[in-house]
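What the coordinates show
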Amino acid sequence: MSIVSFRDVSKTFGSHPVLRNVSLDIEEGQVVAIIGPSGAGKSTLLRCVNQLERHSTGEILIDGTPIGGNQRKRDLIRLRQTVGMVFQSFNLWPHLSALGNVMEGPVTVLKTPVAIARQQAEALLKQVGLADHAAKYPGQLSGGQQQRVAIARALAMKPRVMLFDEATSALDPEMVQEVLRVMESLAADGMTMLVVTHEMGFARKVADRVVLMANGQVVEEDAPETFFTNPKEERSRAFLSRVLSS
């Protein structure tokens, strides 16, 4: 069974269609890279998974259970524990240290005892290469370090699926690789990941499948090597020609 399924999902903002009958299946342990031009609906698709945006029509299933509609608040909270999300902006709490940011969710939402939450948070900061920065506040960290704290914070909730929405696009070029290395390590550990990205090298190297979106629709999806060397659709060829030559 797929861990995340989209069934003819559409989303409109007013009269403007942003997603048009999107159907996708993400299997447990898969890394799916979603690429495409700006305004293609990529970020909206991700935000519909944890219901930061409510889809208008169609069905989204997590572990076979439909989400959305008249879901009760506690069911929505449970869903967001299953699905972790890392945004383009780091969204860290500025008044908390790196350690405090990672501990906050487990302590307040999962009711994890503070001592255990601290131990788990320290392990996660070590995992993302920030063990020596646990006491620093976001304002004392580089952009790449802040994004790695954001990843550790999402992982602290023990999600089954991680969503990455342009997680490196706000970073200076030298900081991009440090974040991509953490994402690559998560993929190697078997984390299910849905990644909206402009990093074609990452998509080709790490993803199990690449999905190209344009105008709110899935244009093409395939294994990375096939997609990058022999795309079937003209829109795919035009997009790759544009991004790979820039």
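Nothing here was measured: the structure is a model prediction, and the numbers come from that model. Residues take numbers from 1 onward in each chain, read along the sequence in its written order. This being a predicted model, a pLDDT of at least 70 is required before a residue's local features are given, and a value of 80 or more before pairs of side-chain atoms are given or counted; all residues contribute to the totals for chains, interfaces and linings. Side-chain figures throughout are based on the complete set of non-hydrogen atoms in the structure, without hydrogens or water.

Brief notes about the packing of helix α5 (residues 143–155) against helix α6 (residues 173–188)
Test applied: Lines fitted to C-alpha atoms define the axes here, with helix axes fitted over just the stretch in contact, and angles between the N-to-C directions of these axes take values from 0 to 180 degrees. Elements are defined by DSSP. Helices are runs of H or I of four residues or more, strands are runs of E of two residues or more, and each kind is numbered from the N terminus. Relative orientations are named as follows: roughly parallel for angles under 35 degrees, roughly antiparallel for angles over 145 degrees, roughly perpendicular for angles from 65 to 115 degrees, and oblique for any other angle. Each crossing gets its handedness from the near helix: less than a right angle anticlockwise from the far helix is left-handed, clockwise is right-handed. Here, two residues are considered to be in contact whenever any of their heavy atoms come within 4.5 Å of each other.
In the contact formed by α5 and α6, the axes pass within 8 Å of each other and the chain directions differ by 20°. The orientation of α5 with respect to α6, classified from their angle, is roughly parallel. Classified by chirality, the crossing of α6 by α5 is right-handed. Within the contact between the two elements, α5 uses G143, G144, Q145, Q147, R148, I151 and L155 and α6 uses M175, E178, V179, V182, M183 and L186.

A few points about the sheet that holds strand β8 (residues 192–196)
Condition: When DSSP finds two or more bridges between a pair of strands, those strands are recorded as paired.
Spatially, β6-β7-β8-β3-β9-β10 is the arrangement adopted by the six strands of the open sheet, whose pairing is mixed. The sheet terminates laterally at β6 (83–86) and β10 (217–222), the two strands that pair on one side only. Ignoring which end each strand starts from, the neighbouring axes of this sheet average 20° apart. Along the sheet face, α6 touches β3 (31–35), β7 (161–165) and β8 and points at about 145° away from the line of β8.

Let's talk about the pattern of salt bridges
Stated formally: Put simply, a salt bridge is a Lys or Arg side-chain nitrogen that is within 4 Å of an Asp or Glu carboxyl oxygen. Burial status follows relative accessibility: with a 1.4 Å probe on protein chains alone, a residue under 20% of its type maximum counts as buried, one over 50% as exposed, and anything between as partly exposed.
As enumerated under the stated definition, the model contains 11 salt bridges in all. Between E225 and R204 there is a salt bridge, with its nearest N and O atoms 3.1 Å apart. Of this pair, E225 sits in helix α8 (residues 224–229) while R204 is found in helix α7 (residues 200–206), placing the two residues 21 residues apart along the sequence. For E225, a relative accessible area of 44% corresponds to the partly exposed category.

Some thoughts on the sheet that holds strand β1 (residues 4–13)
Taking strand neighbours across the sheet as the criterion, the four strands line up as β2-β1-β4-β5 in an open arrangement whose pairing is antiparallel. Whereas interior strands pair on both sides, the edge strands pair on one side only; in this sheet they are β2 (16–26) and β5 (65–67). With strand direction ignored, the average angle separating the axes of adjacent strands in the sheet is 30°. Pairing geometry for β1 and strand β4 (residues 57–62), over five bridges, is antiparallel.

Comments concerning the pairing of β6
Walk down a regular strand and you will see the side chains alternate between the two sheet faces. Covered by surrounding structure in β6 are V83 and M85 together with G84 and V86, the residues of both alternating faces. Summarising the sheet, β6 and β7 pair through four bridges and their orientation is parallel. The residue of β7 that forms the bridge with V83 is V161.

Focus on the pairing of strand β9 (residues 209–214)
Of all six residues that make up β9, six are buried, and the element is covered over most of its length. Where burial is concerned, the two faces of β9 agree: the one with R209, V211 and M213 and the one with V210, L212 and A214 are both buried. In terms of strand pairing, β3 meets β9 through four bridges, oriented parallel. Opposite I34, over in β9, you have V211 as the bridge partner. Taken together, the five bridges between β9 and β10 define a ladder with antiparallel strand orientation. Note on β10: the bridge partner recorded for V210 is D222. Between β9 and β10, which pair antiparallel and follow one another directly, the connecting turn spans two residues, one of which, N215, has a positive phi of 55°.

Points about the environment of R204
Using the following cut-off: Distance and chemistry together define a polar contact, namely a pair of N or O atoms within 3.5 Å, with one atom able to donate a hydrogen and the other to accept it when in protein, and with adjacent residues in sequence counting only for side-chain atoms on both sides.
By relative accessible area, R204 is classed as partly exposed at 35%. Separated by 117 residues in sequence, R204 and F87 have C-alpha atoms that sit 21 Å apart. The contact partners of R204, leaving out residues within four places of it in the chain, are P224, E225, F228 and T229. Here the side chain of R204 touches E225 through a polar contact of 3.1 Å, side chain to side chain.

Focus: the environment of I34
Locating I34 in the fold gives a position in strand β3. When its relative accessible area of 0% is taken as the criterion, I34 is described as buried. The spatial distance from the C-alpha of I34 to the C-alpha of V195 is 5.9 Å, given a sequence separation of 161 residues. Apart from the residues within four sequence positions on either side, I34 is in contact with K42, L45, L46, L194, V195, V196, T197, V211 and M213.

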